[in-house]
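Geometric and topological summary
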Amino acid sequence: MSAAAKSPVAAEPPTADTSPGRGALRRNLPPARRFLAARKRVLVRLGGWSLLESAQTFLGGYCLAQALDRGFLAGQTGTGLLWLAVAAVSILGAGPPMRGVFAQLAELTEPLRDALVRRAVRQALRRAVTDPARTDDRSDTGAVSRLTHQTEIVRDSFAGLVLTVRAFVFNAVGALVGLLALAPELLLVVLPPLVLGIALFLATLLPMASAQRSFLDADEAVAQGVGAVSAGHRDLVACGAQADAAERTGRLIDIAERTSRVLARWAALRTVALGVAGQLPVLLLLVATPWLLRQGVTTGALAGALTYLLQALLPALHSMMTALGAAGTRLLVVVDRFHDATAVPVPPKAPAPNPAPAADADRPRGRRPPRTAPAVEVRAVTHAYGPDSPPVLERLHLTVRRGEHIAVVGPSGIGKSTLAGVVSGLVAPDSGTVLLGGEPVTGWTGQDLADRRVLIPQQAYVFTGSVRDNLLHLRPDATSGELAHAVRTLGAGPLVHRLGGPDAVLDPRGLSQGERQLLALCRAYLSSAPLVLLDEATCHLDPAAEARAERAFAERAFTDGNRARDGALIVVAHRLSSARRADRVLVLDGTTPRFGTHEELLTSSALYRDLFGHWQHTPPPVGR
């Protein structure tokens with residue numbers, strides 16, 4: 001059976017649960033009640049520590065009001081300073097209560113994580129026993145995700161919810177009691193918009209959870225559909241089903257786009273609720289000030305009321321709404337995954353798409369770049385993973401000359417792989433320009449990019465088929481002599497021989513990560529693209545094999561047989577020995593990137609000296 005037939009793009013949508021948010025709530029509410037009921041002592045201790053926070057909130061506004069009314073405005077400076085001193089002591093005493101809160105929080109979150117891990121293990125074992133035919137690599141991946149990534153999402157989201165909801169409830173108690181103590185009339189102004197905004201926000205929670213569930217389902221369906229098409233592309237080509245597969249995959253992408261728009265609309269409504277509850281009370285309090293003064297409300301009471309709103313109630317409300325709207329719906333959806341881990345989520349069925357445009361077989365390929373331009377130019381590139389996230393790359397400038405071999409080093413998570421994605425055209429930067437051979441990559445087709453560069457990531461891709469098909473994937477017209485040269489140059493001869501030769505059928509599951517990387521490197525070596533990017537593509541090879549591969553690609557950057565290639569090699573380094581072999585090294589440190597030779601960076605970059613010093617405890621492999 002072809003991969004297209006087995007792909008989730010052909011599956012029918014479920015019809016049993018028309019409201020994923022409400023269904024998830026019904027399934028998860030009873031277990032949540034049982035979980036919390038079994039930890040009443042923890043909740044009582046948590047509430048006890050939080051009451052101290054309520055007292056601090058109450059004293060903050062009340063003391064300020066008394067300092068004004070009984071002290072400074074009454075001409076009693078000493079009395080005013082005494083009230084402010086009481087407020088300061090309450091603020092300084094917030095440390096012990098917070099330590100107590102976090103200690104009790106661990107008593108809630110860690111048992112929850114342990115329970116979910118046990119449930120995920122039971123589900124995986126039940127699947128393996130009751131339905132072995134469905135226990136494949138993708139189901140194994142899902143089980144691992146539930147054991148690691150998804151349990152951490154639940155723990156972190158649950159902890160965030162407990163902290164923010166607790167903070168809002170007890171801050172609200174302290175603030176409302178304070179307003180009542182200062183002047184009951186203040187509650188007439190503050191409470192209506194506050195209650196209205198919270199009610200509007202709570203009304204969006206279940207629809208928001210439903211939209212979040214649909215979005216996650218659509219996203220998973222796209223990933224599974226694309227993965228199935230990629231794994232079965234040979235069958236699709238052999239059967240002439242490319243157009244049908246493209247249509248089905250496009251339909252999934254359209255569904256994902258629609259669900260993201262629905263999610264965005266609910267997020268906008270949540271923002272309106274936050275404005276009503278968070279900003280309107282302050283505005284009404286200011287507008288009603290003349291009336292409140294006529295009712296006998298003092299100046300100090302008004303100042304205390306503003307303190308309660310601006311420093312306690314509204315920040316806590318904003319944090320709670322943000323947490324419930326984002327982490328809360330995500331928590332509801334992810335926890336629901338643990339109820340039926342064997343179900344494959346499929347989004348609602350899409351209407352028939354418009355007729356696809358004609359095939360782009362006649363689309364012109366990208367022109368070869370002018371020989372005078374650098375191989376790579378990165379001009380003022382900035383990129384962040386989200387509007388509120390700090391930039392991973394910030395106004396980065398980089399020029400790689402033709403025939404040059406550079407290495408990129410830096411701490412984990414600093415942006416090395418992001419830079420490789422930006423240079424390869426797979427990641428669009430937020431601002432700035434990337435040029436390959438003097439031409440910007442913006443607007444290039446996949447074939448244009450494939451003509452200019454080849455990127456080998458850390459997780460090498462191989463597929464079921466012959467060894468020859470895997471090696472010639474990027475250049476099907478390569479001759480047998482060129483294939484043999486690539487295998488010999490990269491040192492892959494023993495591996496190809498063990499697999500049964502170029503015409504042997506390759507099973508990816510029988511290969512180690514290092515063997516996959518070696519085959520992917522041979523494939524990249526055969527490519528006609530002048531630029532090669534190795535994103536930790538040799539991390540599973542031993543140092544000698546890594547050195548051999550990098551030397552081969554560096555020589556390839558200069559020549560292709562007897563012809564000048566005018567290419568370049570960029571290596572995201574896994575070991576510092578890669579930096580020793582490179583012509584120049586780019587050091588990413590999150591503040592000011594450094595670019596120069598190994599010797600120059602030992603003098604100019606403290607981070608590079610530190611990285612190199614840590615690496616020197618083992619002898620570096622023979623360099624280029």
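Preceding this paragraph is the structure being described.
Residues numbered from 1 in each chain as written. Predicted model: local features only at pLDDT ≥ 70, side-chain atom pairs only at ≥ 80, totals over all residues. Heavy atoms only, no water.

**Notes on the packing of helix H3 (residues 40-72) against helix H4 (residues 77-92)**
So the rule is basically this: A fitted line through C-alpha atoms serves as each axis, taken over the contacting stretch for helices, and the angle formed by two N-to-C directions is quoted from 0 to 180°. To qualify as a helix, a DSSP run of H or I must reach at least 4 residues; to qualify as a strand, a run of E must reach at least 2; elements of each kind are numbered from the N terminus. Each angle is binned into one of four classes, with values under 35 degrees roughly parallel, values over 145 roughly antiparallel, values of 65 to 115 roughly perpendicular, and all other values oblique. Between two residues, a contact is recorded if the distance between any of their heavy atoms is within 4.5 Å. Gly falls in the polar group here, along with every residue not listed as nonpolar (Ala, Val, Leu, Ile, Met, Phe, Trp, Tyr, Cys, Pro) or charged (Asp, Glu, Lys, Arg).
Packing of H3 against H4 leaves a shortest axis separation of 7 Å and a crossing angle of 170°. Relative to H4, H3 is oriented roughly antiparallel. Contacts between H3 and H4 pair Gln-56, Leu-59, Tyr-62, Cys-63, Leu-64, Gln-66, Ala-67, Arg-70, Gly-71 and Phe-72 from the former with Thr-77, Thr-79, Gly-80, Leu-81, Trp-83, Leu-84, Val-86, Ala-87, Ser-90 and Ile-91 from the latter. Of the residues contributing to the contact of H3 with H4, the split by class is 12 nonpolar, seven polar and one charged.

**A short note on the packing of aromatic side chains**
What counts here: Centres within 6.5 Å are what make two rings of Phe, Tyr or Trp a pair, Trp counting through its six-membered ring; a difference in plane orientation under 30 degrees is then read as stacked, over 60 as edge-to-face, and the rest as tilted. Exposed residues in this analysis have more than 50% of their type's maximum accessible area, buried residues have under 20%, and partly exposed residues fall in between, with area computed by a 1.4 Å probe over protein chains only.
This structure, assessed with the given rule, holds four aromatic pairs. Relative to Phe-553, the ring of Tyr-525 has its centre 5.7 Å away and its plane inclined at 75°; by these criteria the two rings are edge-to-face. Highlighted residues: Tyr-525 in helix H18 (residues 513-526) and Phe-553 in helix H19 (residues 543-558), separated in sequence by 28 residues. Comparing Tyr-525 with Phe-553 shows no difference in burial state: the two are buried. Within the aromatic cluster, the residues linked to one another by ring pairs are Phe-58, Tyr-62 and Trp-83.

**Observations regarding helix H16 (residues 480-490)**
Using the following cut-off: This arc corresponds to the set of directions leading from the helix axis out to the C-beta atoms.
The complete set of buried residues in H16 reads Leu-483, Ala-486, Val-487, Thr-489 and Leu-490. For H16, the angular spread of buried residues about the axis comes to 165°, placing them on one side. Across from the buried face of H16, at angles greater than 90 degrees, the exposed residues are Ser-480, Gly-481 and Arg-488. Where H16 terminates, the next one or two residues include Gly-491, which has phi positive at roughly 75°.

**A closer look at the sheet that holds strand S13 (residues 584-587)**
Hydrogen bonds along the backbone pair up the strands of a sheet, which may run parallel or antiparallel. The following threshold applies: For two strands to be treated as a pair, DSSP must find no fewer than two bridges joining them.
Overall, mixed pairing links the six strands, which are arranged S6-S9-S12-S3-S13-S14 in an open sheet. The sheet terminates laterally at strand S6 (453-456) and strand S14 (594-596), the two strands that pair on one side only. Between one strand and the next, the sheet's axes are offset by a mean angle of 15°, whatever the strand orientation. Two strands pair when backbone bridges link them, and strand S3 (residues 405-409) and strand S12 (residues 568-572) are joined in this way by four bridges, in the parallel orientation. Directly across from Ile-406, in S12, lies its bridge partner Ile-570. Running over the sheet, helix H13 (residues 416-424) touches S3, S6, strand S9 (531-535), S12 and S13 and is turned about 155° from S9.

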